[in-house]
Amino acid sequence: MLRAYCHHKHSSWVKWLETVEYWLNNTTHHSTGFTPNQILTGKTLQLPLNKFVNLPEMNDEVETAVMIQLAQKKLKKSAINRNTTKDQGRRFPTYVVGQQVLVKEHRLSSAIDGAIHKFFLLYRGPYTIVQVLRNNTVVIEDEKSKPVTQNMKNIKLYVPPDPGKQEEQKAKQN
C-alpha cells in the first residue's frame, strides 16, 4: 500500500506510515473475516467512513477467544483450498505478435539515491511483442526500439485505461 503513495519520492514513506497502518489495522481482512484490531481487542472501531457510507452492521458480540478460533479456522481452510487447487485447470496466457505487455521490474534499493525497492512500481511499459518463441519467451521492443527477450513469467498483458472511466474520475475530482 505504501508503494502507491511513495513510488515518486521514496523518502516520503514516513509521512504515510501512520495512516496506512491505521487503515490496515481497521479494515476487515478477507483471510480472517475480522480486522486485526477486532482480533486483538475484541471491539469494532467505528471508522470515519461509516459517517458517510452505510456499511452492513457488524456483530460485536463475538468473544475474542472465539474470534481467534474462527480466524484460525478460516485461514487453515483457505490454505487447504489454495494448495489443492493450485494450477488445477489453470490456463496460462498465450501471447501473439503485436500485443502490448508490461514487464516486471527487478530494481534494487540504493542508499546513495535514497530509493527503496519496495516503493518502486512493479511493472513498466507497455511494450509491443515482436516475436513469440517456443521456450516460454517473447521478444519485445524496448524504449529505443531494440529487441529484448523476456521470460513469460516476467510479463503480463497490458490493459489500457478506459477513456470513459478516466473522464468520470476527473469530473469527480473537480
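Source: prediction; values computed, not measured.

A. Spatial organisation of the overall build of the protein. Each helix and strand counted, the protein has five helices and five strands in total. Each helix and strand of the protein, placed in order from N terminus to C terminus, yields the pattern α-α-α-α-β-β-β-β-β-α. For the protein, the proportion of its 174 residues judged to be buried stands at 20%. Taking the intrachain contacts of the protein between residues at least 6 apart in sequence as the baseline, contacts between residues at least 24 apart amount to 48%.

B. Up close: the side chain of threonine 35. When you line up the elements, threonine 35 lands in the loop between helix H2 (13–25) and helix H3 (36–41). When its relative accessible area of 8% is taken as the criterion, threonine 35 is described as buried. Excluding anything up to four places from it in sequence, threonine 35 contacts Asn25, Asn26, Thr27 and Thr28.

C. Fine view of the pattern of salt bridges. Enumeration according to the criterion identifies one salt bridge in this entry. The shortest N-O distance in the salt bridge between glutamate 105 and arginine 124 comes to 3.4 Å. Within this pair, whereas glutamate 105 is found in the loop between strand S1 (100–104) and strand S2 (123–132), its partner arginine 124 is found in strand S2, the two being separated by 19 residues in sequence.

D. Just the sheet that holds strand S4 (residues 147–151), in detail. The five strands lie next to each other as S4-S3-S2-S1-S5, forming an open sheet whose pairing is antiparallel. Of all the strands in the sheet, the pair left with one neighbour each is S4 and strand S5 (155–157). Averaged over all pairs of adjacent strands, the angle between their axes in this sheet comes to 50 degrees, without regard to strand direction.

E. Highlighting the packing of aromatic side chains. Under the criterion given, the structure shown has one aromatic pair. Judged by centre distance (5.3 Å) and plane angle (85 degrees), the rings of tyrosine 22 and tryptophan 23 are edge-to-face. In this structure, lysine 156 packs its charged tip against the face of tyrosine 123, placed 4.4 Å from the ring centre.

F. Quick peek at the environment of asparagine 25. Mapping asparagine 25 onto the fold places it in helix H2. A relative accessible area of 27% places asparagine 25 in the partly exposed class. Once the C-alpha coordinates of asparagine 25 and isoleucine 39 are considered, the two residues, 14 residues apart in sequence, prove to be 9.9 Å apart.

G. Expanded view of the nonpolar core. Ranked by size, the top nonpolar core spans nine residues in total: Tyr95, Val101, Val103, Tyr127, Ile129, Val138, Ile140, Met152 and Ile155. For this core, the secondary-structure elements that each account for two or more residues are S1, S2 and strand S3 (137–141). Once residues within four sequence positions are removed from consideration, isoleucine 129 is found in contact with Tyr95, Val96, Val97, Gly98, Gln99, Val101, Val138, Val139 and Ile140.

H. Region of interest: the pairing of S2. The sheet contact formed by S1 and S2 spans four bridges and is antiparallel. Bridge pairing in S2 places valine 101 opposite tyrosine 127. Two elements, S2 and S3, share four bridges in a ladder whose sense is antiparallel. Within S3, the position partnered with valine 132 by the bridge is valine 138.

I. Spatial organisation of H2. An ideal rise of 1.5 Å per residue puts 18 Å on 13 residues; H2 measures up with 18 Å between its terminal C-alpha atoms. The sharpest bend along H2 reaches about 25 degrees and sits at threonine 19.

Rules of the game
Residues numbered from 1 in each chain as written. Predicted model: local features only at pLDDT ≥ 70, side-chain atom pairs only at ≥ 80, totals over all residues. Heavy atoms only, no water. Helix = DSSP H or I, 4+ residues; strand = E, 2+ residues; numbered from the N terminus. Buried < 20%, exposed > 50% of the residue type's maximum accessible area, 1.4 Å probe, protein only. Contact = heavy atoms within 4.5 Å. Salt bridge = Lys/Arg side-chain N within 4 Å of Asp/Glu carboxyl O. Pairing = 2+ DSSP bridges. Axes fitted to C-alpha atoms, helices over the stretch in contact; angles between N-to-C directions. Phe/Tyr/Trp six-rings, centres within 6.5 Å; stacked < 30°, edge-to-face > 60°. Lys NZ or Arg CZ within 6 Å of the ring centre and 35° of its normal. Core = buried A, V, L, I, M, F, W, Y, C linked by side-chain atoms within 4.5 Å. Expected span 1.5 Å × (residues − 1). Bend = angle between axes of the 7 residues up to and from the residue.

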